[in-house]
Each structure stands twice: as C-alpha cells, then as structure tokens.
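These are the residues of each chain, in order.
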Amino acid sequence: MGDVTLLLLLCLSATAFVHGEDPYLFFRWNVTYGTISPLGVPQQAILINGQFPGPNINSTTNNNIVLNVFNNIDEPFLLTWSGIQNRKNSWQDGVLGTMCPIQPGTNYTYHFQVKDQIGSYIYYPTTNMHRVAGAFGGLRVNSRLLIPIPYADPEDDYTVLIGDWYTKSHSTLKKFLDSGRSLGRPNGVLINGKSTKGDGKDKPLFTMKAGKTYKYRICNVGVKNSLNFRIQGHAMKLVEMEGSHTVQNTYQSLDVHVGQCFSVLVTANQNPKDYYVVASTRFTKSVLSSKGIIRYIGGKGPASPEIPEAPAGWAWSLNQFRTFRWNLTSSAARPNPQGSFHYGAINITRTIKLVNSASKVDGKLRYAVNGISHIDPPTPLKLVEYYGIVDKVFKYDTIPDDPQARGAPKVISAPVVLNMTFRNFIEIIFENHEKSIQSWHLDGYSFFAVAIEPGRWTPECRRNYNLLDAVSRHTVQVFPKSWAAVLLTTDNAGMWNIRSEIAERRYLGQQLYASVLSPARSLRDEYNIPDNALLCGLVKDLPQPPPYSI
C-alpha cells in the first residue's frame, strides 16, 4: 500500500507541475525589406510581418515568450529586448556579445521569460545599423490579475513610439560611419511610424471617449535625439517608468531620452474634438517636430493650430528628472526581489566610472569608454567564456575603474569586458565631458538612478544621492558636462551589454560588456546554453562543454 501511495503522490506532483507552468505566447516573425514613405520620400525599411513599426508584444508577468524570427533580408540580423531582464538567460539577449546573428535565409527561435516584471519596453535590431531602418516595436508586460496596480484600469492602453528618422537607407548611413563621418542631423520625427501632414485628411492615431481615462506608453525608439512629448490641452499623470510604478505626478510635457519608456494616464476631459500629440527634438539648434491626432469619439472640429511649446534648455530636463520617484507602496513585481529595494542600506563594494569620449582614430570617427573603443569579435563573448577559450579572444578589465588619462581612444582588437563579482552591490558613474547629451542602457538589470548632476563626480557627491525612492530603471540620460550615478546588485549571472543608446555611438565603439559569473556553475544561477543556440567563429565546431547541474 505504501508503494501505491507513493506512486499516487508522484503522479499528483507531476500533474501539478505541468498545470502550474507559466503560460506560453508564440510568435512567428518574418523580417523583410519594404518600401515606406513616412516623410514623403520613398525609402527602404526593415519590416516585421510587413509592418512598420513592428508588431506589439502584449504579455503578462511570468509569461514565456517563444518567438521564431525568419531573416529574409540580405544581412545577418538580431533583435534585443530592451529592458527585459532575461533572468539567468543572457543567451537570449540579442546582441553580438551573447549570440551569433541569424544568417540570411535562416531562422532562429528566441525563448525567454518576462520574469517578475511589469511595464513598458521596446525591441529593436542590434546588427549593423539596422536600427535606423525599422524592425522596432513595443513590448508590454502587464501585471497579473492577482497583483493590483496602483490606479484604476484604463479604458484602453496605447503604445506610442516616438523617434527621430533619416530618409537615407541603413546601408548608406553605415557607409557614412565606416568612412569616419557622423550621421549628421535627422530628417524628421515620427510618431508610430507616421508624421501628420496637417491638411485635415489625417486619420487619428488614437481615439478617446469623453470622460474616460487612457494609458499611453511613450517610448523613444529613435537613434540620436532626446524628444519632448506633450498632448495638446491635456495633462499627463506619470504612473510607470521602465518597469517601476512611480509616484503619480502630473506633467504638461515629458522629456523622453533615447531608449526610455514612460507610461502616463490621460483623461479625456476637454471639448470633444481633435487634439494633437506632439514630439519634438530637444537640445538641438534647429527643432524637428512631428504631430499625430487624438480624436474624441463623436467629437467635431479640427485640432487647434496653436501647438504647445516645448521647454528650453537642459536644466529644465534635469529638474524634471529630480521629480521622478519610485512608488514604494504599490503591490507589483519588483526588480531585484531579494531585498535590494532597500538599496540605501547596502554597502557599495565597487565603483566603476565610465567616461565617454569622441575622437579621430586613423582619421576616422570613433567613440570610446575610458579611452578604449569597443570592437565586436567574430565569436560572441558569452560563447567564448562558456567554451573556456577566453585567452584566445579577450582580457577582462582592460579599462580602468577610475580613468585618469584623457585623449584619443585606442582601438584594440579585443572587446571591453568588465569582470563583475556575482551578487555584489556596485556603483556605476557615467561621466560626460562632452557638450552633447548621452543615454546609457544596461541589459539584464534594473538599476537605481540615484543622481544626475552637473560637473565631475567625486566621492563627496554621494551625500546628494537619493537613497530612499530613486526609480529602478534600465536607461539613464547624462546631460552635457555632467554625470549620472546608478546602483545595482549583480545578481543576474550572464554576459550583459552596457551601451550608448545613441546608435552611431554604439556602432562606433561606445559600449562594453559586464561578465557576471556564478562560481557554482549551477542552474539555480544561470541556464544552460539553449539546444538551438547558433554557433559561429571559434566555437562553431567545438564539442559542447558539460552542462550546468542543479
């Protein structure tokens, strides 16, 4: 009888495990070239399932995303999931430091879980200069029903993708950079891939019912410029930022820097007619703007030609940053659930200062971090590390934690990889000595953006950190001649990209990688290499190392 009881218990356990698995969402994406004319000039773009922008992924916390990408363009291709933490799974990060690219005429199936996350994110291509050609889109992670959100359910939920845009092809722009030139000034700004003509014939981008409240997820998918976003005649209540619920302050306009996402609530409390949404470049000599139409259902009348002005100067934007606060009372998936949301009480074990620079190297433009300009090797860094051939490809910590030397970057044949201790609490200082604004992103993590200030950083600056309710996010801007400080726990094992979100800077070397190795080589800390992993370069024909065990 004991054996029968044990067998029954085992069967019940197995059944519970099968039924308890988190839901799966399946997608099939066909990546192709296509002709579009968002600024009135026919040009080649990269489409996903024939769409520009690409399809919106609508998921829920803990969903498993299974996405089969067919590459039908004539170049290798990868997509990254910006802000999705991919816990223990940098294998699916979609950058050249972790994955071999999908070759033309082939396909690859991404499999990752949106674990313990909520919020608004984006995806975009990381190979060559594909980001300037499209293949980007929105990625939502909704809160599970059993976890309440700190506001009433909106009437509808809209994704708003804003970004600067070039009319030249990605291959032409890539040639500019390869020859040592900058991309120069964009040709315009798009909202969801469009720019309103303003002739009264434009279709609305969004519709609202009078008296109802709507959620707008605003993401800057551009390649160079910070943008100011505003809605004619309507205030915006900020409720979420890159995966964190925020204190619900109200704004007339928001500066959204490259790679960043904000979620706002907008109540349709004006006269029922058309209104403009506006996105315009910030910190540029000449301002580029784009408009879209919000239409009240059943309303009559065109939008007013009086467009609300954007603020002036970056000091305004810095002051706006200081108003952003994490909502510590909301019930939701929290980043770093092991307790690091009490980050102000944790001792810092390492400080890394990253200084960006722009210089000419052999007569060509290069961008650098701490005097070294990154170059991607033919074999992804994660594979190099996993197969135990690091000595053949790169050295750890080739840039100093606290750079003293200034001057032109030195292009080296090896990439830049920081060796991070697993589960340490670290401080990263992004210091900008240039006159242009920067935007920095860290894959695999959310960090606490505790300060942005003018001048040079010193340890005394820590006295002014927000150590209570800084927003946990993944992208931070650095204003001209200023610095930004972020804090994080290195608890996500893998190889993770730290990059400029400004496309030409990343392409020309302003990026690096953080290697976070678990000494236990355990599945509790990191997943094994996927069975369908693409192999290339030095590891293409090597036998696979022994897998991690429990």
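Look a little higher up for the structure.
(A) Up close: the state of the cysteines. Counted under the stated rule, the structure contains 2 disulfides. Two residues, Cys 100 and Cys 536, share a disulfide whose sulfurs are 2.1 Å apart. In this structure the cystine formed by Cys 100 and Cys 536 twists about its S-S bond by roughly -90°; its chirality is therefore left-handed. You can see Cys 100 sitting in the loop between β5 (79–82) and β6 (107–113) and its partner Cys 536 sitting in the segment after β33 (511–517), a full 436 residues away along the chain. Here the two residues Cys 100 and Cys 536 agree in accessibility, since each one is buried. The disulfide bridge from Cys 219 ends at Cys 261, spanning 2.1 Å between sulfur atoms.

(B) The arrangement of the sheet that holds strand β27 (residues 438–442) in detail. Within the open sheet, the 5 strands sit side by side as β25-β33-β32-β27-β30. Their pairing is mixed. The open sheet has two edge strands, β25 (417–421) and β30 (475–478), and neither has a second partner. Within this sheet the neighbouring strands show an average axis-to-axis angle of 20°, counted without direction. Sheet topology note: the strand β32 (residues 494–500)/β33 ladder contains 6 bridges and is antiparallel.

(C) Fine view of the packing of aromatic side chains. Inspection of the entire model under this criterion finds 27 aromatic pairs. Seen from their ring centres, Trp 81 and Phe 112 are 5.1 Å apart, and the 35° between their planes marks the pair as tilted. Highlighted residues: Trp 81 in strand β5 and Phe 112 in strand β6, separated in sequence by 31 residues. Using a relative accessible area of 0% as the deciding quantity, one classes Trp 81 as buried. Taken together, a centroid distance of 5.2 Å and an interplanar angle of 85° make the contact between Phe 394 and Tyr 396 edge-to-face. Relative accessible area serves as the criterion here: at 26%, Tyr 396 is assigned to the partly exposed category. Over the ring of Tyr 275 we find Lys 273; its NZ or CZ atom is 4.4 Å from the centre of that ring.

Rules and cut-offs
What you see as residue numbers is a count from 1 along each chain, following the sequence as written. Thresholds applied to this predicted model are a pLDDT of at least 70 for local features of residues and 80 or more for the giving and counting of side-chain atom pairs; totals over whole chains, interfaces and linings are not thresholded and use all residues. Here the side-chain values reflect all heavy atoms present in the structure, with hydrogen atoms and water set aside. Note on terminology: pairs of cysteine sulfur atoms within 2.5 Å are recorded as disulfides. Helix and strand assignments come from DSSP, with helices taken as H or I runs of at least 4 residues and strands as E runs of at least 2, each series counted from the N terminus. Exposure is judged per residue with a 1.4 Å probe applied to protein chains only, and the accessible area is read against the type maximum: over 50% gives exposed, under 20% gives buried, and values in between give partly exposed. Each pair of strands is called paired provided DSSP finds at least two bridges between the two strands. Helix axes use the C-alpha atoms of the stretch in contact, all axes being lines fitted to C-alpha atoms, and the angles between their N-to-C directions lie in the range 0 to 180 degrees. Aromatic pairs are defined between Phe, Tyr and Trp rings, using the six-membered ring for Trp, whenever the two ring centres lie within 6.5 Å; interplanar angles under 30 degrees are classed as stacked, those over 60 as edge-to-face, and all others as tilted. Sitting over a ring, as applied to charges here, requires NZ of Lys or CZ of Arg to be within 6 Å of the ring centre and within 35 degrees of the ring normal.

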